[in-house]
Amino acid sequence: MDADHPAEVPRLRRPLAPVLVTGPSMAPTLRHGDAVLVRPGGRPIRAGDVVVAVFRTRPDLLVVKRAVRPQDGGWWLRGDNDLITDDSRAYGVADVRGRVVARYWPRPGRVPRHQL
């Protein structure tokens, strides 16, 4: 990546944006292939929310993870599956792009917020 031309960070541009979950890091809450709706903006992110974010060290990668705590102007994120470590433990702080509000396919319903 050229310092004069940094990679463009993915942005969510709709009131509710569809996002497809890939990989097992959020199991059992979300599974590979689940489709969720994400609200960019809205109420402030709280610890325990499931969010869509971009790690500062991986600006090309949009991820679905659980917000753990604010850190360095961003968020420390973890997946719900402790066996998978492709979260802040590997990539550091992330910038949140939106909050997951519901799963609409294949099992419609709200995505639970966990107390941390």
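Residues numbered from 1 in each chain as written. Predicted model: local features only at pLDDT ≥ 70, side-chain atom pairs only at ≥ 80, totals over all residues. Heavy atoms only, no water.

Points about the confidence of the model for the protein
- Per-residue pLDDT for the protein has a mean of 88; in total, 86% of the residues score no lower than 70.
- Mean pLDDT per element in the protein: strand 7 (residues 109–110) is the minimum at 88, and strand 5 (residues 74–78) is the maximum at 98.
- With pLDDT under 50 throughout, residues 1–9 is counted as low confidence; its partners more than four residues away or in other chains account for 8 contacts. (pLDDT = per-residue confidence, 0-100. Helix = DSSP H or I, 4+ residues; strand = E, 2+ residues; numbered from the N terminus. Contact = heavy atoms within 4.5 Å.)

Section: the environment of Ala 102
- Within the fold, Ala 102 resides in strand 6 (residues 94–105).
- The exposure class of Ala 102 is buried, given its relative accessible area of 19%.
- Spatially, the C-alpha atom of Ala 102 lies 9.9 Å from that of Val 50, the residues being 52 residues apart in sequence.
- Excluding residues that lie within four positions of it along the chain, Ala 102 makes contacts with Ala 35, Val 36, Leu 37, Gly 109, Arg 110 and Val 111. (Buried < 20%, exposed > 50% of the residue type's maximum accessible area, 1.4 Å probe, protein only.)

Comments concerning the side chain of Thr 29
- As for its position among the elements, Thr 29 is in the loop between strand 1 (17–20) and strand 2 (35–39).
- For Thr 29, the side chain forms a polar contact with the side chain of Asp 80, separated by 2.5 Å.
- Setting aside its immediate chain neighbours within four residues, Thr 29 contacts Asp 34, Arg 66, Asp 80, Arg 103, Val 111, Pro 112 and His 114. (Polar contact = N/O pair within 3.5 Å; in protein donor to acceptor, adjacent residues only side chain to side chain.)

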